[in-house]
Amino acid sequence: MSQPTNQPKWTALLAKHETVLLAVILVEILLFQNLGRNFLAESNVSNIFRHSVEIGLLALVMTPVILTGGIDLSLGSMMGLCAVVFGLLVKQYDVSPWLAAVAAISLGAFGGMGNAFLITRMNLPPLIVTLGTFSLFRGLAEALTKGSEAYSGFPQGFLNLGNANVLGLPAQLWVFFLVTLLVWLLVHRTVWGRSLQAIGFAPQGARYAGISVERNTGMAYILAGAIAGLAAVILVARLGEARANVGIGYELLAITAVVLGGTSIFGGSGSISGTLLGYVAIAILNNGLSRITAHQIFDQPVSSVARELSGMLTGLLLLLALAAGVLLKSLATRRARRQSLVTTTNPTPST
Amino acid sequence: MSDVEKLLELSEIKKSFGAVRALKGVSFELKAGEVHALLGENGAGKSTLIKVITGAHAPDSGTLTVAGQAVAALTPSKAQEWGIACIYQQPALFPDLSVSENIGLRLKKSAAFAKVDWGKQREVAAKLLERIGAEISPDAEVASLSMPEQQLVEIACALGSGARIVIMDEPTASLTQKEQHLLYAVVRDLRDSGVGVVYISHRLEEIFALADRVTVLRDGESVGTHPVGSLTEAQMIQLMVGREVSAIYPPAESAPGDVVLEMQSVSCAASGIADVSLTVRAGEILGMAGLVGAGRTELARILFGITPASSGSIRLEGKTISIGNPQDAIAQGIAYVPEDRRKHGVILDLPIAHNITMAIHRRIFPQHFLLKQAEQNLAVEMIRDLGIKAFGPEAPGGSLSGGNQQKVSVARWLATKPRLLILDEPTQGVDVGAKSEIHKIIRRLAKDGLAVLMISSDLPEVLGMSDRVAVMRGGRLVAMVDGKKAEAASIMAAALGHSHSDSEKGQEGTR
């Protein structure tokens, strides 16, 4: 407890983590600009985000969940279920796509409520609960489509959400901006976000301060489910079809983005800005790798291995960023110690 | 005692952590067969000094002599070889292993895959436990033992490793009076067998009862070593704080007003509280005495809605209320400063300001959006009002000393503007200076018309602060005494239950 000035150092540390991520993103851009084909072309930059915005959405709402010290593995499966129900409503029951979108988002919230109930009222561990619903939601989606059916042929107006540009940017990016603003406000500017932090650091401590651990934690899972429903709708609009197998593995990429962004997996500390940077770093990596088809590595065409390579490099990126974070932290404390040795004029009261 | 062997001698020990000079030149000696108390406020350097003796910290300068030999670089394992053992406030045992396994693990350093001789291990453990007079089965799982029993196991470990220097860091902080006396007997036995005991405690009466000599630390310096008999309590406190402490307990200044809390035959099956009826008036401090486990904290938890009552009625200012969770309690104007400050009282990772507003989120942030300026203002005001020593409202709770953390916990509840304030062991593990400040704060609050229910295992505190004293035993209220007439002996007798006390009630069904 011998940190002389705490608040500035904390922000400095956070800033440092985010600086690391910015540096990583910059390196990625330089690398792919040299290796890849038309990487920085306007159309490709649009593509990077058009093709990954769903992961960004999941990462945003995964952040409050992880802040409480929890996790939600069911979000990718939730997307599959919401996508199928959306397709079913529009194609089988002639519901307008926009109304069906509202239904999909509500279904997501409802599924999140199920997670929340099991976690906060039945006191089951989030990892186990969402591992269960991870299988359950996907299984329901497959049952509804009998395993193979896909819904397509949606009206063009709806498909524009996934493919058109609005004011020069992909339409879904505007939705993403709105959700980012919403989640940022919720996490960093409201009593709810503050409560999540307290719960993440010390659930019993929060309870003794009169914070409703159940309600606040539950809200995080409900929000996550609802936005997973929204992500499903956007994905269907981009792909033009609704299948049971959409969004597989998205929850893991979202968790990677959140942790890469400096949010503690144990809960308590974290930020939406970090999550955004983590998401961008992953999105660029995946897109960039698919662009280096023109080049050859070890005399092998890369295109065939881009997928495998991207998985490997995403993992490496996460581990390296975490290691760099730990390294920077220890450097910072060492420097702080050295500085405080130099300036011994202002001794601290507590030991 | 002049030619008794000196087990340990430290001279001019200095140790700094960055800018903080924890030890500025401490000298200390320990003779064989003595109990040497180490006294000082929190932050005076006691913990650092212990860590130097146990080899956890290397001193920057100064000399350390063990059994007449100068020791240059002491490490924890070397300290163990030299016969130095330390028993901490919180026993560091493996809860899922048996007593004999724990003792066996501590005693011998065997190869990783060596065969364990279970029979011999058990025998050794049994012998050690017998030697200190502990009635503990070597086969008992440590998790099933009470705190004092675990401490006895620690002592057995220390003895078994052949320790000649035993350091005890506030060993009685979580013990009941009876258990304390058991421990005292063990300490005296150790002393009589030639072991030197370094004894750290905040309780002065304990030092008088047990220690031969006392060394007082203040601000990282040793300000003197004295035979215990040559000092009065007031002199000791003065040595510790370096200033005159006029009266230890501030006098009562107010006459109790209207009844604020009225409990009628309140029971809670889950937490073992049965048929408790009591009242607390505005401006009154109701002290609550009893042994650890008598149900005092459980009663507080009922009032705060953590374990709601199963029967009986609770009235607040004449209105019957039901308290199903802490939010209900807060809404009704009930505040609870919990016993476990680090786990429940303050969130150590969060800034002071966040901690202070935590129970009034709805009131201070009515639109659900954080208002940083309002929060800062409140925190600054509380820091000033309660004299919290901190770098500022943004300093994390964990950076404060125990006493200041406790003040933050109190500040959080004052911010709720409560009608009833429940304090659970408000000064446990708090240094003498902060303790008297907290007492003054409690008095001031009572004077301002707050009803105060103060749970405390510190009998002098209960006697010094309370307008009335309630005594609990086995989940029941067994005595209610006027504060002015209360005597330590009769309260203790009621708490223990084998008493001549005629104010006792509800004997039947006491478990």
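Reading the values: the criteria
- Residues numbered from 1 in each chain as written.
- Chains lettered and ligands numbered in written order.
- Predicted model: local features only at pLDDT ≥ 70, side-chain atom pairs only at ≥ 80, totals over all residues.
- Heavy atoms only, no water.
- Helix = DSSP H or I, 4+ residues; strand = E, 2+ residues; numbered from the N terminus.
- Rg over C-alpha atoms; globule rule 2.2 N^0.38 Å.
- Buried < 20%, exposed > 50% of the residue type's maximum accessible area, 1.4 Å probe, protein only.
- Core = buried A, V, L, I, M, F, W, Y, C linked by side-chain atoms within 4.5 Å.
- Contact = heavy atoms within 4.5 Å.
- Patch = residues over 30% accessible without salt bridge, like charges linked within 9 Å, V, L, I, M, F, W, Y side chains within 5 Å.
- Areas by Shrake-Rupley, 256 points an atom, 1.4 Å probe, with all protein chains shown as cover.
- Salt bridge = Lys/Arg side-chain N within 4 Å of Asp/Glu carboxyl O.
- Pairing = 2+ DSSP bridges.
- Axes fitted to C-alpha atoms, helices over the stretch in contact; angles between N-to-C directions.
- Domains from an automatic or database assignment.
- Disulfide = S-S within 2.5 Å.
- Phe/Tyr/Trp six-rings, centres within 6.5 Å; stacked < 30°, edge-to-face > 60°.

Concerning the overall build of chain B
Across its full length, chain B carries 18 helices and 20 strands. In terms of overall dimensions, chain B is globule-like: its C-alpha atoms have a radius of gyration of 24 Å, near the 24 Å expected for 511 residues. Its C-alpha atoms give chain B principal-axis dimensions of roughly 70 × 55 × 50 Å. Counting every position in chain B, which comprises 511 residues, the buried fraction comes to 54%.

A closer look at the nonpolar core
One broad trend across soluble globular proteins is that nonpolar side chains are buried collectively. By size, the foremost hydrophobic cluster in this structure holds 87 residues, and its most contacted members are A:Leu58, A:Met79, A:Phe86, A:Phe154, A:Phe158, A:Leu260 and A:Tyr279. In this structure, A:Phe158 is in contact with A:Phe86, A:Pro97, A:Trp98, A:Val233, A:Val236 and A:Ala237, ignoring residues within four places of it in sequence. Counting residues in each nonpolar core, the second largest holds 76 residues, with A:Tyr208, B:Ala300, B:Leu378 and B:Leu450 among its members.

Regarding a nonpolar patch on the surface
All names here are of chain A. A cluster of nonpolar side chains, Val 166, Leu 167, Trp 174 and Phe 177, forms an exposed patch at the surface whose accessible area comes to about 400 Å². Turning to its location among the elements, Val 166 is positioned in strand β2 (residues 165-166). A relative accessible area of 38% means that Val 166 is categorised as partly exposed.

Remarks on the sheet that holds strand β7 (residues 165-169) of chain B
Residues and elements named next belong to chain B. Strands sit in the order β6-β7-β8-β3-β9-β10 across an open sheet of six strands; the sheet is mixed. The sheet terminates laterally at β6 (84-87) and β10 (221-227), the two strands that pair on one side only. When the angles between neighbouring strand axes are averaged without regard to direction, this sheet yields 20 degrees. Where β7 and strand β8 (residues 196-200) come together, five bridges link them in parallel fashion. Its bridge partner lying in β8, Asp 169 is registered against Ile 200. The sheet strands contacting helix α6 (residues 177-192) are β3 (35-39), β7 and β8, and the helix crosses β8 at an angle near 145 degrees.

Details of the sheet that holds strand β16 (residues 334-337) of chain B
Residue and element names in this part refer to chain B. The strand order across the open sheet formed by six strands is β16-β17-β18-β13-β19-β20, and the pairing between neighbours is mixed. Both outer strands of the open sheet, β16 and β20 (476-482), are each paired with one neighbouring strand and no more. Going across the sheet, the axis of each strand differs from the next one's by a mean of 20 degrees, ignoring polarity. With six bridges connecting them, strand β19 (residues 468-473) and β20 associate as antiparallel partners. In the sheet register, Met 472 faces β20, and the bridge partner there is Leu 477.

Structural notes on the domain arrangement of chain B
One frequently used descriptor of interface size is the decrease in accessible area upon assembly of the parts. According to the domain assignment, chain B contains domain 1 (6-241) and domain 2 (249-333 + 418-511). In this structure, domain 1 of chain B and domain 2 of chain B have C-alpha centres spaced 34 Å apart.

A few points about the state of the cysteines
Scanning the model with the defined rule gives zero disulfides over all chains in all. As a non-bridged cysteine, B:Cys86 has B:Cys157 as the owner of its nearest cysteine sulfur, 13 Å distant.

Quick word on the packing of aromatic side chains
Residues and elements named next belong to chain A. Here the structure, examined in full by the defined rule, presents 11 aromatic pairs over all chains. Consider the rings of Phe 49 and Tyr 279, whose centres lie 6.3 Å apart with planes at 65 degrees: the pair is edge-to-face. In this pair, Phe 49 sits in helix α2 (residues 42-50) while Tyr 279 sits in helix α13 (residues 272-291), placing the two residues 230 residues apart along the sequence. Just as Phe 49 is buried, Tyr 279 falls in that class too. Ring plane angle 65 degrees and centroid distance 5.8 Å describe the contact between Phe 154 and Phe 158, whose orientation is recorded as edge-to-face.

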